[in-house]
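Fold and contact review
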Amino acid sequence: MITYLALVTFLVGALALASVFVLASQVARRGPTPYPEVAGRAYRLRLVWFFAVGGILTAAFLTALPYVPYTHYRLASGPAAIQVGVTGSQYAWGIDGTVTTGGKVEFAVTSADVNHGFGLYDSSGHLVGQVQAMPGYTNHLVLQLSETGEYTVRCLEYCGPGHSSMFMTIHVSPCQTGCCC
Ligand SMILES: [Cu+2]
C-alpha cells in the first residue's frame, strides 16, 4: 500500500514538474512581455499568495496549538497537590518528598554545586519531563504521573567525570485519599 502510494505520489509530482517545464518553454517562446503589462497581474497574484499562504499557516498553527507537548505549562495553572524537593550534586540526586500518581506533582529542582539536568524517565525508558538544576536557583517542574512503579532520574547535563553514574530511582506509589486532582 505504502509502495503504491509512493509510486502515485512520485508520478503526480513528476507530471506536475514536467508540466511546469513545458509551460515555461511555451511562455519563453513568445518573447519578453513589457513590464507594465504584467506588473498589475503580478501584484494581484502576490497578494493572493500572501493571503492564501498566510491563511493556511494560521489555520495549521491554530489547529496544532492544543497539541504542543509542553503539558507542564498547562498543568502549572492550578495548585500542585504534591511538593517534592530535588537537589542535584556531584554525583547524586537528593529527594525530599513522596511521589504518587493522580494529582499534580511539583518538583522544585535546584543544585548544591554545578549545573545539572533533571530528567525523569518512566519504567519504559521514556522521558516524562526535564528541567535544569541550577545552583542558587529553583526551577519548578509540574507533572501528572499516571503509572505507578519505578521511575529513574538521570542527569542530562555533563557535570563532571562522574556524570554518567548520576541517577536515582523514584518509586511512584498509587494515589492515596486527598492527593487526587
Ligand atoms: Cu551530570
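Residues numbered from 1 in each chain as written. Predicted model: local features only at pLDDT ≥ 70, side-chain atom pairs only at ≥ 80, totals over all residues.

Turning next to the overall build of the protein. If you tally the helices and strands in the protein, you get 3 helices and 8 strands. When the helices and strands of the protein are placed in sequence order, the string is α-α-α-β-β-β-β-β-β-β-β. Over its C-alpha trace the protein gives a radius of gyration of 28 Å, far above what one expects of a compact globule, namely 16 Å for 181 residues. Along the first, second and third principal axes, the C-alpha atoms of the protein reach 80 × 40 × 35 Å. Long-range contacts, defined as pairs at least 24 residues apart, comprise 59% of the intrachain contacts of the protein with a sequence gap of at least 6. (Helix = DSSP H or I, 4+ residues; strand = E, 2+ residues; numbered from the N terminus. Rg over C-alpha atoms; globule rule 2.2 N^0.38 Å. Contact = placed C-beta atoms within 7 Å.)

Below, the discussion takes up the sheet that holds strand β4 (residues 116-121). Strand order across the open sheet formed by 4 strands is β5-β4-β7-β8, with antiparallel pairing between neighbours. Single-partner strands in this sheet number two, and they are β5 (127-133) and β8 (167-172). Recorded for the sheet is a direction-independent mean angle of 20 degrees between the axes of neighbouring strands. Relative to strand β7 (residues 149-155), β4 runs antiparallel, the two being bridged by 4 bridges. Each bridged residue has a counterpart across the sheet, and for Phe-118 the counterpart in β7 is Cys-155. (Pairing = 2+ DSSP bridges. Axes fitted to C-alpha atoms, helices over the stretch in contact; angles between N-to-C directions.)

As summarised here, the arrangement of the 4 strands in space is β2-β1-β3-β6, forming an open sheet in which the pairing is mixed. Bordering the open sheet on either side are β2 (92-96) and β6 (139-144), each of which pairs with just one other strand. Across the sheet, the mean angle from the axis of one strand to that of its neighbour is 25 degrees, orientation sign disregarded. The pairing of strand β1 (residues 82-89) with strand β3 (residues 104-111) spans 7 bridges and is parallel. Looking at the pairing, Gln-83 lines up with Glu-106 of β3.

Before going further, it helps to examine the domain arrangement of the protein. Entries for the protein in the domain assignment read domain 1 (2-67) and domain 2 (82-173). On a C-alpha basis, the centroid separation for the pair domain 1 and domain 2 is 49 Å. (Domains from an automatic or database assignment.)

Examined against the element boundaries, Gly-136 turns out to sit in the loop between β5 and β6. Among the residues examined, Gly-136 registers 7 C-beta atoms within 10 Å and is labelled exposed. The sequence separation of Gly-136 and Thr-63 amounts to 73 residues, and the corresponding C-alpha distance is 40 Å. (Buried ≥ 20, exposed ≤ 12 C-beta atoms within 10 Å, placed from the backbone.)

A separate point is unusual backbone geometry. A cis amide bond, omega 0 degrees, links Gln-90 with the succeeding residue Tyr-91. As for its position among the elements, Tyr-91 is in the loop between β1 and β2.

Note that an α-helix has 3.6 residues per turn; residues three or four places apart therefore point the same way. Counted at 1.5 Å a residue, the expected span for helix α1 (residues 2-29) with its 28 residues is 40 Å, and the 41 Å between its end C-alpha atoms agrees. Burial runs low along α1: only 0 of the 28 residues are buried. Once α1 finishes, Gly-31 follows within two positions and takes phi at roughly 90 degrees, a positive value. (Expected span 1.5 Å × (residues − 1).)

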